[in-house]
Amino acid sequence: MTATAQAAIRTTPIAFETPGGVHNATPSRLVFGAGASARVAEEVERLGAQRALVVSIPGREPLAREIAARIGGRCVGVMPKAVFQVSPAQFSALFEGLDRRAVRAERRRRPRLAG
């Protein structure tokens, strides 16, 4: 691949042609589409969570902070350190600097299926 082609790939924004919706998979659920981030607090509520941690890749930290603000008092922090393939050492490093007193394990209810 030429250097020009590689540069175009890095700078071309990714566009999704789906209109949005909900994808349920055990145990994950994806809510996506225009305006989906505005409903993130509803998702935290739906899960019955008392606390949430917003995780993003480093380049999306401003968006992650907006989402944290939407969650409000239930958000315990923003972790802009996500990577696509994580080694055990990288996974451990994600939690460096996290105030563990603000985080506690909770038993999660099984998410309700949409529809």
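Details of the structure are given in the entry above.
These lines cover the structure that appears in this document, whether it is placed above or below.

About the thresholds
Residues numbered from 1 in each chain as written. Predicted model: local features only at pLDDT ≥ 70, side-chain atom pairs only at ≥ 80, totals over all residues. Heavy atoms only, no water. Helix = DSSP H or I, 4+ residues; strand = E, 2+ residues; numbered from the N terminus. Buried < 20%, exposed > 50% of the residue type's maximum accessible area, 1.4 Å probe, protein only. Contact = heavy atoms within 4.5 Å. Areas by Shrake-Rupley, 256 points an atom, 1.4 Å probe, with all protein chains shown as cover. Salt bridge = Lys/Arg side-chain N within 4 Å of Asp/Glu carboxyl O. Core = buried A, V, L, I, M, F, W, Y, C linked by side-chain atoms within 4.5 Å. Axes fitted to C-alpha atoms, helices over the stretch in contact; angles between N-to-C directions. Parallel < 35°, antiparallel > 145°, perpendicular 65-115°, else oblique. Left-handed = near helix turned anticlockwise from the far one by under 90°. Nonpolar A, V, L, I, M, F, W, Y, C, P; charged D, E, K, R; others polar.

## Side note on the overall build of the protein chain
No. 1: Within the protein chain, the regular secondary structure consists of four helices and four strands.
No. 2: Counting from the amino terminus, helix and strand elements in the protein chain follow one another as α-β-β-α-β-α-β-α.
No. 3: Burial statistics for the protein chain: of 115 residues in total, 16% are counted as buried.
No. 4: Considering only residue pairs separated by 6 or more positions, the protein chain has 53% of its internal contacts joining residues 24 or more positions apart.
No. 5: Entry remark: accessible area of the protein chain is about 9,100 Å², with carbon and sulfur atoms responsible for 57%.

## A look at the pattern of salt bridges
No. 1: Using the criterion set out here, one finds three salt bridges in the structure.
No. 2: Across the salt bridge formed by arginine 74 and glutamate 45, the nearest N and O atoms sit 3.0 Å from each other. Placement of arginine 74 in the loop between helix 3 (61–71) and strand 4 (75–79) and of glutamate 45 in helix 2 (residues 40–47) is noted, with a sequence separation of 29 residues between them.
No. 3: The exposure class assigned to arginine 74 is partly exposed, which follows from its relative accessible area of 25%.
No. 4: What makes glutamate 45 partly exposed here is its relative accessible area of 47%.

## Structural notes on the nonpolar core
No. 1: Listed in full, the ten residues of the largest apolar core are Val44, Ala49, Ala52, Val54, Ala64, Ile67, Ala68, Ile71, Cys75 and Val78.
No. 2: The set of elements that each furnish at least two residues to this core consists of strand 3 (52–55), helix 3 and strand 4.
No. 3: Per-element accounting of this core gives the leading share, four residues, to helix 3.

## Some words on the packing of helix 2 against helix 3
No. 1: Contact geometry of helix 2 with helix 3 gives a least axis separation of 8 Å together with a crossing angle of 55 degrees. When the axis of helix 2 is compared with that of helix 3, the two are oblique. Here helix 2 and helix 3 pass one another in a crossing that is right-handed. Only Ile67, Arg70 and Ile71 of helix 3 make contact with helix 2, whose side of the interface consists of Val40, Ala41 and Val44.
No. 2: Counted by class, the contact of helix 2 with helix 3 contains five nonpolar, no polar and one charged residues.

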